[in-house]
Amino acid sequence: MERTFEELVAEAAEVSVAGWDFSWLDGRATEQRPSWGYQRLLGERLGRATAALDIQTGGGEVLAGAGVFPPVMAATESWPPNVAKATALLHPRGAVVVADEDEPPLPFGDAAFDLVTSRHPVTVWWAEIARVLRPGGTYLSQQVGPASVFELVEFFLGPQPEEVRRARHPEDARRDAEAAGLEVVELRQERLRTEFCDIGAVVYFLRKVVWMVPGFTVEQYRERLRELDGLIRREGPFVAHTTRFLIEARKPGA
């Protein structure tokens, strides 16, 4: 039997959203992946590094799946449930997980790493990245681009102003990296199709990716959720588009 709105919402409202593993959405939502393959690139860079730092590692899932770690491997994370999850996942691999508030300064000395990485950072502190990189070192990051999944965001929040839609533009990242003294050697952006197949997938996504609809709760948005549930039942999956960009920057020197 087809599950009711209330059943789908109740299930999605109770499931844990710790970590950065989206496997709960298997069969319920799909997201096209960028063509560059961030985890593969990460594995290649780690294989050449001697000391690496992964910033805002989440639950450590992406880093853990990237391959062999260099002799020195550290990761930072701010959210306590993710710190615990990343520690359990990465410590057996020889990585140190540091609880950090994601505010400057990074808890490491100058020129400590020849590779710094981050997948989907909330904020990028470019001057700190430049400080902890050794001369000749590299920063590699896949980031959320402008107006990502805004079809869903605007369904709940209404039309957003242009300055909000343009936030996280890759050219701004280039400017800020260069202002911190880094040389951008690659910058690529892609727009990718995302589908939500039931209202439970929407609830789970908005609970997990908290900056999409700030302060989201089922109670506050129940009627709008009910409208979206009806739309999905009538017309099929709700389609949105993610934007992603890849940036690689090098610290001049050796």
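Structural data are supplied above this passage.
Remember, it's a predicted structure, so these values are computed and weren't measured experimentally. (Residues numbered from 1 in each chain as written. Predicted model: local features only at pLDDT ≥ 70, side-chain atom pairs only at ≥ 80, totals over all residues. Heavy atoms only, no water.)

Chemist: Is there a simple way to explain the pattern of salt bridges in this structure?
Modeler: Note on pairing: side chains with opposite charge can pair once their charged atoms come close. What the rule picks out here adds up to 24 salt bridges. Close ionic contact of Arg244 with Glu31 constitutes a salt bridge, the shortest N to O distance being 3.4 Å. Taken together, the residues Arg244 in strand β8 (residues 238-250) and Glu31 in strand β1 (residues 29-31) connect sequence positions 213 residues apart. You can call Arg244 buried: its relative accessible area is 8%. Accessibility expressed as a relative area gives 27% for Glu31, which makes it partly exposed. In the salt-bridge network here, residues are joined through shared partners; they are Arg3, Glu11, Arg28 and Asp198. (Salt bridge = Lys/Arg side-chain N within 4 Å of Asp/Glu carboxyl O. Helix = DSSP H or I, 4+ residues; strand = E, 2+ residues; numbered from the N terminus. Buried < 20%, exposed > 50% of the residue type's maximum accessible area, 1.4 Å probe, protein only.)

Chemist: Help me understand helix α6 (residues 150-157) in this model?
Modeler: In an α-helix, one turn spans 3.6 residues; hence positions three or four apart end up facing the same way. The complete set of buried residues in α6 reads Phe150, Leu152, Val153, Phe155 and Phe156. Contact partners of the buried residues in α6: α7 (162-166), β7 (183-196), α9 (199-208), α10 (222-235) and β8. Of the residues trailing α6, Gly158 is marked for its positive phi of about 80°. (Contact = heavy atoms within 4.5 Å.)

Chemist: Explain the packing of helix α1 (residues 5-14) against α10 to me, please; I cannot follow it from the model alone.
Modeler: Two quantities define a packed helix pair, namely the angle between the helix axes and the distance between the axes. At a minimum axis distance of 11 Å, the contact between α1 and α10 shows a crossing angle of 120°. The two elements α1 and α10 meet at a crossing, and its hand is right-handed. Of the residues in α10, those in contact with Phe5, Glu6 and Leu8 of α1 are Arg222, Leu225, Arg226, Asp229 and Arg233. Of the residues that constitute the contact of α1 with α10, the class distribution is three nonpolar, no polar and five charged. (Axes fitted to C-alpha atoms, helices over the stretch in contact; angles between N-to-C directions. Left-handed = near helix turned anticlockwise from the far one by under 90°. Nonpolar A, V, L, I, M, F, W, Y, C, P; charged D, E, K, R; others polar.)

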